[in-house]
Amino acid sequence: MRILVCKNYDEMSKKAAQMILSQVTLKPDSILGLATGSTPIGMYKNLIDMYKNRIIDFSEVKTFNLDEYYKLPVDNDQSYHYFMDDNLFNHININRENINIPNGMAENIEEECIRYDEKIKKSNGIDIQVLGIGRNAHIGFNEPTVNFEKRTYVVELQESTRMANSRFFNSLDEVPKKAITMGTGSIFESKKIMLLASGKEKAKAIYDTIHGKITPEVPASILQLHNDVVVILDEEAASLLDTKEYKSL
Ligand code: F6R
(Lines give C-alpha, C1' and ligand atoms only; values in the text may rest on other atoms or scores of the structure.)
Protein backbone atom coordinates (compact mmCIF):
# COMPACT_ATOMS: atom_id res chain seq x y z
CA MET A 1 0.00 0.00 0.00
CA ARG A 2 1.23 3.48 -0.76
CA ILE A 3 0.07 6.02 1.80
CA LEU A 4 -0.06 9.70 0.90
CA VAL A 5 -0.96 12.23 3.56
CA CYS A 6 -2.26 15.63 2.45
CA LYS A 7 -2.64 18.69 4.65
CA ASN A 8 -6.39 18.82 4.48
CA TYR A 9 -9.54 17.70 2.66
CA ASP A 10 -9.01 20.08 -0.27
CA GLU A 11 -5.50 18.81 -0.92
CA MET A 12 -6.68 15.21 -0.62
CA SER A 13 -9.44 15.89 -3.14
CA LYS A 14 -7.03 17.53 -5.60
CA LYS A 15 -4.59 14.63 -5.36
CA ALA A 16 -7.38 12.08 -5.90
CA ALA A 17 -8.67 13.98 -8.96
CA GLN A 18 -5.13 14.10 -10.38
CA MET A 19 -4.91 10.32 -10.11
CA ILE A 20 -8.16 9.95 -12.06
CA LEU A 21 -6.87 12.46 -14.62
CA SER A 22 -3.70 10.38 -15.11
CA GLN A 23 -5.73 7.22 -15.47
CA VAL A 24 -8.12 8.71 -18.07
CA THR A 25 -5.32 10.46 -19.95
CA LEU A 26 -3.36 7.22 -20.30
CA LYS A 27 -6.48 5.15 -21.10
CA PRO A 28 -9.36 7.29 -22.41
CA ASP A 29 -11.78 4.33 -22.26
CA SER A 30 -10.98 3.62 -18.61
CA ILE A 31 -13.44 1.78 -16.40
CA LEU A 32 -13.80 3.81 -13.21
CA GLY A 33 -15.26 2.38 -10.01
CA LEU A 34 -16.98 5.20 -8.15
CA ALA A 35 -18.20 5.84 -4.60
CA THR A 36 -20.74 8.17 -3.03
CA GLY A 37 -20.74 9.77 0.45
CA SER A 38 -19.13 13.00 1.63
CA THR A 39 -15.53 11.96 1.02
CA PRO A 40 -15.33 11.96 -2.83
CA ILE A 41 -17.42 15.13 -3.33
CA GLY A 42 -14.29 17.34 -3.42
CA MET A 43 -12.63 14.99 -5.91
CA TYR A 44 -15.73 15.16 -8.13
CA LYS A 45 -15.68 19.00 -7.94
CA ASN A 46 -12.05 18.99 -9.10
CA LEU A 47 -12.89 16.61 -11.96
CA ILE A 48 -15.78 18.86 -13.06
CA ASP A 49 -13.39 21.86 -13.06
CA MET A 50 -10.86 19.87 -15.10
CA TYR A 51 -13.61 18.98 -17.59
CA LYS A 52 -14.72 22.62 -17.86
CA ASN A 53 -11.10 23.60 -18.47
CA ARG A 54 -10.83 20.90 -21.17
CA ILE A 55 -8.16 19.01 -19.26
CA ILE A 56 -10.11 15.76 -19.08
CA ASP A 57 -12.50 14.04 -21.48
CA PHE A 58 -15.05 11.49 -20.19
CA SER A 59 -16.60 10.64 -23.56
CA GLU A 60 -15.19 7.10 -23.63
CA VAL A 61 -15.11 6.47 -19.88
CA LYS A 62 -17.33 3.81 -18.30
CA THR A 63 -18.29 3.85 -14.63
CA PHE A 64 -19.51 1.32 -12.09
CA ASN A 65 -20.75 2.55 -8.73
CA LEU A 66 -20.19 0.51 -5.60
CA ASP A 67 -23.65 0.51 -4.14
CA GLU A 68 -27.21 1.77 -3.91
CA TYR A 69 -29.89 1.71 -1.23
CA TYR A 70 -32.42 -1.10 -1.51
CA LYS A 71 -35.91 -0.01 -2.59
CA LEU A 72 -35.19 3.69 -2.62
CA PRO A 73 -36.53 5.16 -5.89
CA VAL A 74 -33.78 6.57 -8.11
CA ASP A 75 -35.44 10.00 -8.17
CA ASN A 76 -35.31 10.21 -4.34
CA ASP A 77 -32.70 12.88 -3.59
CA GLN A 78 -30.96 10.47 -1.21
CA SER A 79 -30.53 7.71 -3.76
CA TYR A 80 -27.01 7.16 -5.03
CA HIS A 81 -28.31 7.52 -8.60
CA TYR A 82 -29.41 11.04 -7.70
CA PHE A 83 -26.15 11.75 -5.85
CA MET A 84 -23.99 10.76 -8.82
CA ASP A 85 -26.02 12.84 -11.28
CA ASP A 86 -25.92 15.81 -8.96
CA ASN A 87 -22.26 15.61 -7.97
CA LEU A 88 -20.68 14.45 -11.21
CA PHE A 89 -22.54 13.02 -14.19
CA ASN A 90 -24.75 16.03 -14.95
CA HIS A 91 -21.66 18.23 -15.22
CA ILE A 92 -19.36 16.20 -17.49
CA ASN A 93 -19.49 14.70 -20.98
CA ILE A 94 -20.01 11.09 -19.94
CA ASN A 95 -22.16 8.96 -22.22
CA ARG A 96 -25.26 8.01 -20.17
CA GLU A 97 -25.07 4.45 -21.53
CA ASN A 98 -21.67 4.07 -19.92
CA ILE A 99 -22.95 4.73 -16.38
CA ASN A 100 -23.65 1.71 -14.18
CA ILE A 101 -25.16 1.82 -10.70
CA PRO A 102 -26.74 -1.21 -9.01
CA ASN A 103 -30.52 -1.10 -9.32
CA GLY A 104 -31.92 -1.30 -5.80
CA MET A 105 -35.46 -1.20 -7.25
CA ALA A 106 -35.01 -4.34 -9.40
CA GLU A 107 -37.95 -6.73 -9.11
CA ASN A 108 -35.60 -9.68 -8.93
CA ILE A 109 -32.75 -8.39 -6.81
CA GLU A 110 -30.77 -11.65 -6.92
CA GLU A 111 -30.72 -11.46 -10.74
CA GLU A 112 -29.67 -7.82 -10.53
CA CYS A 113 -26.66 -8.80 -8.39
CA ILE A 114 -25.57 -11.40 -10.93
CA ARG A 115 -26.19 -9.03 -13.86
CA TYR A 116 -24.04 -6.32 -12.23
CA ASP A 117 -21.04 -8.60 -11.65
CA GLU A 118 -21.31 -10.00 -15.17
CA LYS A 119 -21.38 -6.52 -16.66
CA ILE A 120 -18.20 -5.59 -14.77
CA LYS A 121 -16.54 -8.78 -16.01
CA LYS A 122 -17.63 -8.15 -19.62
CA SER A 123 -16.10 -4.68 -19.47
CA ASN A 124 -12.77 -6.34 -18.63
CA GLY A 125 -12.79 -5.23 -15.01
CA ILE A 126 -12.43 -1.95 -13.18
CA ASP A 127 -9.20 -0.05 -13.89
CA ILE A 128 -9.33 2.08 -10.77
CA GLN A 129 -11.81 1.77 -7.91
CA VAL A 130 -12.37 4.81 -5.69
CA LEU A 131 -13.32 3.94 -2.12
CA GLY A 132 -14.36 5.87 0.95
CA ILE A 133 -14.36 4.10 4.30
CA GLY A 134 -16.95 3.84 7.05
CA ARG A 135 -16.11 4.53 10.70
CA ASN A 136 -16.47 0.77 11.12
CA ALA A 137 -14.04 0.25 8.19
CA HIS A 138 -16.77 -0.78 5.74
CA ILE A 139 -16.00 -0.43 2.02
CA GLY A 140 -18.94 -0.15 -0.32
CA PHE A 141 -21.61 -1.37 2.07
CA ASN A 142 -19.62 -4.39 3.19
CA GLU A 143 -20.25 -4.17 6.90
CA PRO A 144 -18.08 -5.92 9.52
CA THR A 145 -19.14 -9.56 9.61
CA VAL A 146 -17.85 -13.10 9.76
CA ASN A 147 -16.83 -13.66 6.15
CA PHE A 148 -15.81 -11.61 3.14
CA GLU A 149 -18.62 -11.55 0.56
CA LYS A 150 -17.28 -12.22 -2.88
CA ARG A 151 -19.97 -10.88 -5.19
CA THR A 152 -22.58 -8.15 -5.42
CA TYR A 153 -25.28 -8.86 -2.84
CA VAL A 154 -27.99 -7.36 -0.66
CA VAL A 155 -26.73 -6.38 2.77
CA GLU A 156 -28.46 -5.43 5.99
CA LEU A 157 -27.00 -2.08 7.12
CA GLN A 158 -25.62 -1.78 10.64
CA GLU A 159 -27.33 0.68 12.96
CA SER A 160 -24.06 2.68 13.22
CA THR A 161 -24.00 3.07 9.42
CA ARG A 162 -27.68 4.07 9.32
CA MET A 163 -27.02 6.60 12.08
CA ALA A 164 -23.98 8.03 10.24
CA ASN A 165 -26.00 8.31 7.00
CA SER A 166 -29.09 9.75 8.72
CA ARG A 167 -27.40 13.16 8.47
CA PHE A 168 -28.65 13.26 4.87
CA PHE A 169 -32.23 12.18 5.64
CA ASN A 170 -35.00 13.90 7.62
CA SER A 171 -34.90 11.18 10.27
CA LEU A 172 -33.25 7.85 11.09
CA ASP A 173 -36.52 6.08 10.20
CA GLU A 174 -36.18 7.20 6.58
CA VAL A 175 -32.73 5.60 6.15
CA PRO A 176 -33.15 2.30 4.29
CA LYS A 177 -32.29 -0.82 6.26
CA LYS A 178 -30.71 -2.62 3.31
CA ALA A 179 -28.48 -1.85 0.36
CA ILE A 180 -27.15 -3.58 -2.74
CA THR A 181 -23.36 -3.48 -2.83
CA MET A 182 -20.41 -4.88 -4.71
CA GLY A 183 -18.85 -7.53 -2.49
CA THR A 184 -15.31 -7.24 -1.14
CA GLY A 185 -14.35 -9.85 -3.78
CA SER A 186 -15.70 -7.75 -6.66
CA ILE A 187 -13.92 -4.68 -5.24
CA PHE A 188 -10.68 -6.61 -4.78
CA GLU A 189 -10.63 -7.63 -8.46
CA SER A 190 -10.16 -3.97 -9.49
CA LYS A 191 -6.76 -3.42 -11.07
CA LYS A 192 -6.01 -0.37 -8.91
CA ILE A 193 -7.69 0.86 -5.74
CA MET A 194 -7.66 4.39 -4.35
CA LEU A 195 -8.95 4.66 -0.79
CA LEU A 196 -9.77 8.16 0.46
CA ALA A 197 -10.38 9.23 4.05
CA SER A 198 -10.62 12.54 5.80
CA GLY A 199 -11.34 13.59 9.38
CA LYS A 200 -10.54 12.29 12.87
CA GLU A 201 -13.55 9.97 12.97
CA LYS A 202 -11.87 7.84 10.28
CA ALA A 203 -8.45 7.61 12.01
CA LYS A 204 -9.12 4.35 13.87
CA ALA A 205 -10.62 2.64 10.79
CA ILE A 206 -7.56 3.72 8.78
CA TYR A 207 -5.14 2.47 11.44
CA ASP A 208 -6.91 -0.91 11.60
CA THR A 209 -7.07 -1.15 7.80
CA ILE A 210 -3.33 -0.63 7.45
CA HIS A 211 -2.00 -2.33 10.61
CA GLY A 212 -4.75 -4.58 11.88
CA LYS A 213 -5.35 -8.24 11.35
CA ILE A 214 -6.89 -9.07 7.96
CA THR A 215 -10.42 -9.97 8.96
CA PRO A 216 -13.99 -9.45 7.70
CA GLU A 217 -14.57 -7.69 11.03
CA VAL A 218 -12.50 -4.87 9.44
CA PRO A 219 -13.66 -5.14 5.81
CA ALA A 220 -11.08 -2.67 4.43
CA SER A 221 -8.22 -4.77 5.91
CA ILE A 222 -8.50 -7.05 2.84
CA LEU A 223 -6.78 -4.23 0.92
CA GLN A 224 -3.48 -5.21 2.61
CA LEU A 225 -3.41 -8.16 0.20
CA HIS A 226 -3.98 -6.13 -2.98
CA ASN A 227 -0.88 -5.26 -4.99
CA ASP A 228 -1.91 -1.79 -6.21
CA VAL A 229 -3.55 0.30 -3.53
CA VAL A 230 -3.00 3.97 -2.83
CA VAL A 231 -4.46 5.43 0.36
CA ILE A 232 -4.90 9.21 0.28
CA LEU A 233 -5.60 10.78 3.66
CA ASP A 234 -5.77 14.15 5.28
CA GLU A 235 -3.72 14.72 8.43
CA GLU A 236 -6.64 13.97 10.74
CA ALA A 237 -7.43 10.61 9.17
CA ALA A 238 -3.70 9.79 9.37
CA SER A 239 -3.38 10.94 12.97
CA LEU A 240 -2.91 7.42 14.44
CA LEU A 241 -0.25 6.42 11.89
CA ASP A 242 3.48 6.75 12.48
CA THR A 243 4.80 9.59 10.29
CA LYS A 244 7.63 7.31 9.02
CA GLU A 245 5.06 5.13 7.30
CA TYR A 246 3.83 7.61 4.76
CA LYS A 247 4.76 10.30 2.30
CA SER A 248 3.53 13.80 3.21
CA LEU A 249 2.38 16.00 0.37
C1 F6R B 1 -20.43 4.96 -0.65
C2 F6R B 1 -19.82 3.89 0.09
C3 F6R B 1 -19.46 3.97 1.52
C4 F6R B 1 -18.81 5.31 1.92
C5 F6R B 1 -18.52 5.34 3.41
C6 F6R B 1 -17.94 6.67 3.85
O7 F6R B 1 -20.67 4.59 -2.00
O8 F6R B 1 -19.66 2.87 -0.49
O9 F6R B 1 -18.57 2.92 1.83
O10 F6R B 1 -17.64 5.48 1.19
O11 F6R B 1 -19.69 5.10 4.13
O12 F6R B 1 -18.89 7.64 3.71
P13 F6R B 1 -18.54 9.20 3.89
O14 F6R B 1 -17.61 9.52 2.78
O15 F6R B 1 -19.84 9.90 3.79
O16 F6R B 1 -17.88 9.32 5.23
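Residues numbered from 1 in each chain as written. Predicted model: local features only at pLDDT ≥ 70, side-chain atom pairs only at ≥ 80, totals over all residues. Heavy atoms only, no water.

(A) Local environment of the UniProt feature "active site" (unreviewed entry) in the protein chain. As recorded in UniProt, the feature "active site" (unreviewed entry) lies at Asp67, Asn136, His138 and Glu143. Lining the largest cavity, from the residues just named, are Glu143. Among the residues examined, Asn136 registers a relative accessible area of 18% and is labelled buried. In contact with Asn136, not counting residues within four places along its chain, are Glu143, Pro144, Gln158, Ser160, Thr161, Glu217 and Pro219. Mapped onto the fold, Glu143 is located in the loop between strand E6 (128-131) and strand E7 (153-156). Exposure remark for Glu143: the relative accessible area of 5% places this residue in the buried category. Contact partners of Glu143, with chain neighbours within four places excluded, come to Asn136, His138, Val155, Glu156, Leu157, Gln158, Thr161, Pro216 and Pro219. In this structure the side chain of Glu143 is engaged in a polar contact, spanning 3.0 Å, whose partner is the side chain of Asn136. (UniProt positions renumbered as here; feature names shortened; annotations may be inferred. 1 Å grid on protein atoms, 1.4 Å probe; cavity = no way out; pocket = protein on both sides within 12 Å on 5 of 7 lines; lining within 4 Å. Buried < 20%, exposed > 50% of the residue type's maximum accessible area, 1.4 Å probe, protein only. Contact = heavy atoms within 4.5 Å. Helix = DSSP H or I, 4+ residues; strand = E, 2+ residues; numbered from the N terminus. Polar contact = N/O pair within 3.5 Å; in protein donor to acceptor, adjacent residues only side chain to side chain.)

(B) Layout of the layout of surface pockets. Within this model, the largest pocket holds a volume of roughly 680 Å³. As for the largest pocket, its lining consists of 36 residues, of which Thr36, Gly37, Ser38, Asn165 and Arg167 are closest to the centre. Of all the secondary structure elements, the ones that give two or more residues to the lining of the largest pocket are strand E4 (67-69), helix H3 (80-87) and helix H5 (159-165). It is H5 that provides the largest number of residues to the lining of the largest pocket, a total of 4 residues. Broken down by class, the residue content of the lining of the largest pocket amounts to 14 nonpolar, 16 polar and 6 charged. Looking at the second largest pocket, the residues that line it are Ile114, Asp117, Glu118, Ile120, Lys121, Gly125, Ile126, Arg151, Ser186, Glu189 and Ser190. Element by element, the count of residues in the lining of the second largest pocket is highest for helix H4 (residues 109-122), at 5 residues. (Points joined across faces, edges and corners; volume = space filled by probe spheres on them. Nonpolar A, V, L, I, M, F, W, Y, C, P; charged D, E, K, R; others polar.)

(C) Seen up close, the packing of aromatic side chains. Applying the stated criterion across every chain yields a total of 5 aromatic pairs. Seen in terms of ring centroids, Phe64 and Tyr116 are 5.7 Å apart; in terms of plane orientation they differ by 80°. Their pairing is edge-to-face. Of the two residues, Phe64 sits in strand E3 (residues 62-65) while Tyr116 sits in helix H4, which places them 52 residues apart along the sequence. When sorted by exposure, Phe64 lands in the same class as Tyr116, which is buried. Ring geometry for Tyr80 versus Phe141: centroids 6.0 Å apart, planes at 15°, classification stacked. Taken as a pair, Tyr80 in helix H3 and Phe141 in the loop between E6 and E7 lie far apart in primary sequence, 61 residues in all. Per residue, the accessibility class of Tyr80 equals that of Phe141, and both read buried. (Phe/Tyr/Trp six-rings, centres within 6.5 Å; stacked < 30°, edge-to-face > 60°.)

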